[in-house]
Amino acid sequence: MGVFDHPEFNGHESLHFINDPASGLRAIIAVHSTVLGPAAGGCRRWSYASDAEALTDALRLSRGMTYKNAIAELPFGGGKSVILGADSAPKTPELLTAFGRAVESLDGKYITAEDVGMSVDDMRHVQQETKYVSGLPQSGDSAGGDPSPWTALGVFLGIQAAVKVRLGEDSLKNLSVAVQGVGHVGAHLCQLLHEAGAKLFVADVNRENLDAVSNAMPVTIVPPAEILYADADVLAPCALGNILTAATIPQLKASIIAGAANNQLSTLADGARLSDRDILYAPDYVINAGGIINVSHEYYGGSSDDRVRADIEKIPLRLATLFAEAKETGRPTNELADEFARRLIAAGQMKQD
Ligand code: NAD
């Protein structure tokens, strides 16, 4: 399959394939749009089954970043990078600095940060070669550091907004939430949900991450293959994407889906499938914008945690508007969010022209 006729190719501005045999780095940087600002989006390191799978991920994730940044009203376009071979190419300082050089070579068109498989420490290595990086250790009171707790906060507030609309409840007390994936975001989310009195079902393929959460609070551990179908009020996907499909949706028991994972819907039609089942879906890139909001405050500087928090508190308001529009029109929330994002980008394009 070619790149330009790839089903996930969506008018991307540019794609960059990086091959650095000395460090073992093989990566793809996808710049989807720079209309609203430099293309910002994290770097994912993963063991892809094939190069084609990595390309698909980079294309989908970068487009999602354009929409996410637009709706979050950030001065960013959308991009994303993937590093291939998490199982075969060790994450050495050499590999990370080679990635930093690749980012630098784009001259600010792409700004990176951490995503799945990357950490704040990794970004320090990347920073040795480029200034176009965020998600670095926080210094003093200024905004910065690991975006995951901020993503978790946005998801938590989004779950509250969805619960209010779908279940008519003001509190999460005695409601149950099934959290798929208790890594960086999932673990922080569990803490917030636990403090709010929710009952937790959790699953992870990583025993260490599962133990850390189950030692910190009461949870019911569910096998990874069963978590999507847990008998819970809310399903919060916080692992990987492509989990809401024609095969999985008919078996879901939760009436709300609200989680951090990017690209939860396998196809656009899956949003309609959820809507047909009266399952309220919080579009992933709307609810999970907390981390990139923090990244934006850090990157542009002169900000504080209070200002980050104030911006993240707008996430449930945006969701409430989408939910109300979906109720009024009978249309799926994902379609409404996509349309809203495209309108914002078109308006930005008109300003440039
Ligand atoms: P992470 O790698 O720290 O955590 C993901 C967890 O999911 C890991 O513990 C992993 O073992 C687990 N997992 C993987 N496959 C699983 C499966 N089949 N069943 C159960 N668990 C599984 O990543 P993260 O930073 O917490 O991000 C989680 C998701 O949220 C990703 O999709 C990411 O793109 C998205 N996201 C993260 C941020 C952020 O700030 N970190 C921001 C926006 C979106």
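This report concerns the structure included in the present document. (Residues numbered from 1 in each chain as written. Predicted model: local features only at pLDDT ≥ 70, side-chain atom pairs only at ≥ 80, totals over all residues. Heavy atoms only, no water.)

In this section: the packing of aromatic side chains. This model, assessed by the stated rule, comprises five aromatic pairs. For the ring pair Phe-4 and Phe-9, a centre distance of 5.4 Å and an interplane angle of 80 degrees mean the geometry is edge-to-face. For Phe-4, a relative accessible area of 71% translates into the label exposed. Plain terms: the ring middles of Tyr-299 and Tyr-300 are 5.2 Å apart, the flat faces sit at 90 degrees to each other, and that makes the pair edge-to-face. Through pairs of rings, three or more aromatic residues link up here, namely Phe-76, Tyr-299 and Tyr-300. (Phe/Tyr/Trp six-rings, centres within 6.5 Å; stacked < 30°, edge-to-face > 60°. Buried < 20%, exposed > 50% of the residue type's maximum accessible area, 1.4 Å probe, protein only.)

A positive phi angle, close to 60 degrees, is found at Glu-73, a residue other than glycine. Within the secondary structure, Glu-73 is located in the loop between α1 (51-71) and β5 (77-84). In this model, Asn-263 sits at a positive phi of 55 degrees, which is unusual for a non-glycine residue. Among the secondary structure elements, Asn-263 is positioned in the loop between β11 (256-257) and α7 (269-276). (Helix = DSSP H or I, 4+ residues; strand = E, 2+ residues; numbered from the N terminus.)

Glancing now at α7. Of all the residues in α7, the buried ones are Asp-270, Gly-271 and Leu-274. Along the long axis of α7, the arc covered by the buried residues comes to 105 degrees, so they all point the same way. Where α7 is buried, its residues touch β11, β12 (280-281) and α12 (333-352). Where α7 terminates, the next one or two residues include Asp-278, which has phi positive at roughly 60 degrees. (Arc of directions from axis to C-beta. Contact = heavy atoms within 4.5 Å.)

This paragraph deals with the sheet that holds strand β9 (residues 220-221). Pairing between the strands of a sheet comes from backbone hydrogen bonds, and it takes one of two forms, parallel or antiparallel. In space, the six strands of this open sheet follow the order β9-β8-β7-β10-β11-β12, with parallel pairing throughout. This sheet does not close on itself; its edge strands, each paired only once, are β9 and β12. Pairing of strand β8 (residues 199-203) with β9 involves two bridges; the strand directions are parallel. Along β9, the bridge assignment pairs Phe-201 with Thr-220. (Pairing = 2+ DSSP bridges.)

To continue, consider the nonpolar core. Within soluble globular proteins, side chains that are nonpolar tend to cluster in buried spots. Ranked by internal contacts, the top residues of the largest apolar core, which has 85 residues, are Ile-29, Phe-99, Ile-159, Val-179, Leu-189 and Leu-193. Ranked by residue count, the leading element in this core is helix α4 (residues 148-167), at nine residues. With near-sequence residues (within four places) excluded, Val-179 lies in contact with Gly-186, Cys-190, Leu-193, Leu-200, Phe-201, Val-202, Ala-203, Ile-227, Ala-236 and Cys-238. Formed by 20 residues, the second largest nonpolar core is a distinct cluster that contains Phe-201, Tyr-229, Ile-249 and Leu-265. (Core = buried A, V, L, I, M, F, W, Y, C linked by side-chain atoms within 4.5 Å.)

Right, let's get into the environment of Gly-140. Along the chain, the position of Gly-140 falls in the loop between α3 (120-127) and α4. Residues Gly-140 and Leu-153, 13 residues apart in the sequence, show an inter-C-alpha distance of 21 Å.

The subject of this paragraph is the side chain of Ser-148. Topologically, Ser-148 is positioned in helix α4. Leave out the neighbours within four places in its chain, and Ser-148 touches His-184, Val-185 and His-188.

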